[in-house]
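# Breakdown of the fold
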Amino acid sequence: MSDLVPRPTWSRRPATIGLALGSGVARGWAHIGVLRALEREGIQPDIVCGTSIGAVVGGGYIAGKLNEVEAWARAMTQRRLFRFLDFSIGGGGLLNGNRLASELQQELGDLEIQHLGRRFVAVTTELATGHEIWLRQGFMVEAMRASYALPGIFSPVKVEGRWLIDGALVNPVPVSTCRAFGARLVIAVNLNADIFGMGTVRKGDRLESDEELHAENTEARSLLAGARLSNRLALRQLLGSAKGTPGLTTVMFGAFNIVQDRLARSRLAGDPPDVLVNPQVAHIGLLDFHRAEESIKLGELAMREAMPMIQEALKVLN
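These lines cover the structure that appears in this document, whether it is placed above or below. (Residues numbered from 1 in each chain as written. Predicted model: local features only at pLDDT ≥ 70, side-chain atom pairs only at ≥ 80, totals over all residues. Heavy atoms only, no water.)

With that settled, the discussion passes to the nonpolar core. Trp 29, Phe 120, Met 303 and Ile 310 are the most contacted members of the largest nonpolar core, which totals 79 residues. The biggest single contributor to this core is helix α12 (residues 292–317), with 11 residues. Aside from chain neighbours lying at most four places away, what touches Phe 120 is Val 48, Ala 55, Gly 58, Gly 59, Ile 62, Ile 113, Leu 135, Arg 136 and Met 140. Ala 20, Val 175, Cys 178 and Val 186 belong to the second-largest nonpolar core, a separate cluster that totals 13 residues. (Core = buried A, V, L, I, M, F, W, Y, C linked by side-chain atoms within 4.5 Å. Buried < 20%, exposed > 50% of the residue type's maximum accessible area, 1.4 Å probe, protein only. Helix = DSSP H or I, 4+ residues; strand = E, 2+ residues; numbered from the N terminus. Contact = heavy atoms within 4.5 Å.)

Turning next to the side chain of Asn 190. Its location among the elements puts Asn 190 in the loop between β9 (185–189) and α8 (210–216). Using a relative accessible area of 8% as the deciding quantity, one classes Asn 190 as buried. Within the structure, the side chain of Asn 190 is placed 3.1 Å from the backbone nitrogen of Asn 192, a separation counted as a polar contact. (Polar contact = N/O pair within 3.5 Å; in protein donor to acceptor, adjacent residues only side chain to side chain.)

This part takes up the environment of Arg 79. Locating Arg 79 in the fold gives a position in helix α4 (residues 78–83). Look at Arg 79 and you get partly exposed, because its relative accessible area is 37%.

Moving on: the packing of helix α1 (residues 30–40) against helix α3 (residues 66–74). A packed helix pair is summarised by two numbers, namely the angle formed by the two axes and the spacing between the axes. Running from N to C, α1 and α3 point in directions that differ by 140°, and their axes come no closer than 11 Å. In terms of orientation, α1 lies oblique with respect to α3. Judged by the twist between their axes, the crossing of α1 over α3 is left-handed. Residue-level inspection shows Ile 32, Leu 35, Arg 36 and Glu 39 of α1 in contact with α3, the latter providing Leu 66, Asn 67, Val 69, Glu 70 and Ala 73. Per-class residue counts for the contact of α1 with α3 are five nonpolar, one polar and three charged. (Axes fitted to C-alpha atoms, helices over the stretch in contact; angles between N-to-C directions. Parallel < 35°, antiparallel > 145°, perpendicular 65-115°, else oblique. Left-handed = near helix turned anticlockwise from the far one by under 90°. Nonpolar A, V, L, I, M, F, W, Y, C, P; charged D, E, K, R; others polar.)

This part takes up unusual backbone geometry. Most peptide bonds are trans, and most residues other than glycine sit at a negative phi. For Val 25, which is not a glycine, the phi torsion comes out positive at approximately 55°. Its location among the elements puts Val 25 in the loop between β1 (17–21) and α1. Even without glycine at this site, Glu 160 takes up a positive phi of about 50°. In this structure, Glu 160 sits in the loop between β7 (157–159) and β8 (162–166).

Counted by the stated rule, this structure contains four aromatic pairs. Three or more aromatic residues joined by ring pairs form one cluster here, namely Trp 29, Trp 72 and Phe 289. (Phe/Tyr/Trp six-rings, centres within 6.5 Å; stacked < 30°, edge-to-face > 60°.)

Here the focus is the environment of Leu 298. In this structure, Leu 298 sits in helix α12. With 265 residues separating them along the chain, Leu 298 and Gly 33 place their C-alpha atoms 7.1 Å apart.

Further remarks concern the pairing of β8. In terms of strand pairing, strand β4 (residues 119–126) meets β8 through three bridges, oriented antiparallel. Across the sheet, the residue bridging to Glu 126 is Leu 164, located in β8. Sheet analysis places β7 next to β8, joined by three bridges and oriented antiparallel. Residue pairing across strands places Val 159 opposite Arg 162, the latter belonging to β8. The antiparallel pairing of β7 with β8 creates a hairpin that spans two residues between the two strands, and Glu 160 there sits at a positive phi of about 50°. (Pairing = 2+ DSSP bridges.)

Before going further, it helps to spend a moment on the pattern of salt bridges. Per the stated rule, a full pass over the model turns up 14 salt bridges. Residue Arg 267 is joined to Glu 132 by a salt bridge in which the shortest nitrogen-to-oxygen separation is 3.0 Å. Of the two residues, Arg 267 is situated in helix α11 (residues 248–270) and Glu 132 in strand β5 (residues 132–135); the sequence distance between them amounts to 135 residues. Overall, Glu 132 belongs to the partly exposed group, its relative accessible area being 26%. Close ionic contact of Asp 261 with Arg 265 constitutes a salt bridge, the shortest N to O distance being 3.2 Å. Residue Asp 261 and its partner Arg 265 are both found in helix α11; the two are separated by four residues, about one turn of the helix. (Salt bridge = Lys/Arg side-chain N within 4 Å of Asp/Glu carboxyl O.)

As structure tokens, then:
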């Protein structure tokens with residue numbers, strides 16, 4: 001008799017994939033290579049959560065602008081980086097970040113996160129309380145800008161009445177954010193996995209001195225010569241003295257590197273991802289934005305090495 005009763009059919013949806021893109025300043029171009037490797041395997045994350053540079057690359061990817069982000073990264077030179085230094089003496093940071101935000105605005109316009117086809121979350125920190133804030137709606141550029149607002153360098157960003165700063169201060173690799181939004185398989189990219197024993201600041205973590213800029217190209221020389229006195233003073237403060245005293249960026253980026261490394265270790269130990277991808281990018285300085293090609297290749301290599309684990313996990317879950 002039981003054979004006459006129709007048996008229930010169970011439809012299993014593919015496992016929800018979450019991608020956590022960590023902080024790392026210029027090393028973040030490796031995220032582009034990670035995403036390219038996933039694309040080649042036909043793997044499309046359902047949820048992308050990004051911190052700092054991870055929010056910039058991840059947001060561009062979710063918005064369908066990864067090609068534009070990659071082209072912009074590959075075109076970056078030390079001279080172009082110099083042009084983004086819009087000093088703001090007396091504000092909440094040495095740079096107000098308007099030039100960089102304008103560049104992002106040209107590509108993304110007034111795109112709002114909640115209108116995207118897939119989930120995107122930018123991780124930030126509330127300045128007043130130290131709380132971890134997840135931006136999952138509102139203007140994409142505003143969310144990116146809040147997520148990378150490194151204290152002392154970029155001015156804080158005010159969103160819905162709260163001043164927000166870099167998310168790396170609370171969650172450098174946002175695995176927990178992916179899980180909170182329903183990811184069953186979490187792939188995390190940690191850009192600081194191989195810095196132990198190498199020091200926190202390398203040669204590329206500082207800008208060239210103004211003399212080096214003069215010798216390298218005339219455009220940088222004219223920009224510096226035409227800068228206001230306050231901007232010239234700020235630049236010298238960033239670079240440090242000629243006697244080898246660490247400049248402000250050297251000290252701040254070094255301290256920032258220590259904080260995000262220690263915090264990432266702690267959070268990844270407490271809430272490990274299903275697959276951890278560790279691009280070997282420690283030798284790339286935090287300000288080496290002109291080394292995009294190398295960073296992208298290293299990100300792609302790391303993801304290819306992790307691909308067997310991802311495929312195996314998908315087989316189990318699906």
